[in-house]
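Geometric and topological summary
As a plain string of letters, each chain reads:
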Amino acid sequence: SGKSDFVKIELSEQTISVVNKNAIVRHTLHADTNDGGKPANIKLKVLLVWVKEKGEWKLLARQAVKLAN
């Protein structure tokens, strides 16, 4: 189903670059999950692209890549 129950989430190595009305955010996500009673650990590199419209930041795109644990 793609559903994940997160027990713990940690973000690290975050960088934020703002150019005009655009922002690029990168970070590493480490998480402990418990999906249907099955515990697991995930590690992802995440890229977020934000755009500022009418004074508010809106998420334009997100990409995540799974890393080896």
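Notes on the structure follow. (Residues numbered from 1 in each chain as written. Predicted model: local features only at pLDDT ≥ 70, side-chain atom pairs only at ≥ 80, totals over all residues. Heavy atoms only, no water.)

1. A look at the overall build of the protein chain
To be explicit about the condition: In DSSP terms, a helix is any run of H or I states spanning at least four residues, a strand is any run of E spanning at least two, and both are numbered starting from the N terminus. Within these notes, the globule rule equals 2.2 Å times the number of residues to the 0.38 power, and the radius of gyration is based on C-alpha atoms. Any pair of residues with heavy atoms lying within 4.5 Å of one another is described as a contacting pair. In these tables, accessible area is a Shrake-Rupley quantity obtained with a 1.4 Å probe, and a residue counts as shielded only by the protein chains included in the view. Counting rule applied: Lys, Arg positive; Asp, Glu negative; His and chain ends not counted. Every charge is mapped onto a representative atom, which is NZ of Lys, CZ of Arg, CG of Asp or CD of Glu.
A count of helical and extended segments in the protein chain gives zero helices and four strands. From first element to last, N terminus to C terminus, the protein chain shows the α and β order β-β-β-β. For the protein chain, the C-alpha radius of gyration of 15 Å lies well beyond 11 Å, the compact-globule estimate for 69 residues. Once the C-alpha set of the protein chain is aligned to its principal axes, its extents read approximately 45 × 25 × 15 Å. Sequence-distant contacts in the protein chain: of pairs separated by 6 or more residues, those separated by 24 or more amount to 29%. Summed over its atoms, the accessible surface of the protein chain is roughly 5,400 Å², and 53% of this surface lies on carbon and sulfur atoms. Put simply, the protein chain has 12 plus and 7 minus side-chain charges, and the middle of one group is 6 Å from the middle of the other.

2. Quick word on the side chain of His27
Within the secondary structure, His27 sits in strand E2 (residues 22-35). With sequence-adjacent residues up to four places away left out, His27 is seen in contact with Leu11, Ser12, Glu13, Gln14, Leu44, Lys45, Val46 and Leu48.

3. Considerations on the sheet that holds strand E3 (residues 38-53)
Quick note on the threshold: Two strands qualify as a pair provided that DSSP identifies no fewer than 2 bridges between them. To get an axis, a line is fitted to the C-alpha atoms, and for a helix only the part in contact is used. The angle between two axes follows their N-to-C directions and goes from 0 to 180 degrees.
Read from one edge of the open sheet, four strands run E1-E2-E3-E4, paired in antiparallel fashion. A strand with exactly one partner marks an edge of an open sheet, and here the two such strands are strand E1 (6-19) and strand E4 (56-66). The mean angle between the axes of side-by-side strands here comes to 20 degrees, regardless of whether they run parallel or antiparallel. Judged from the 11 bridges that link them, E1 and E2 form a sheet pairing that is antiparallel.

The analysis is restricted to geometry; functional conclusions fall outside its scope.
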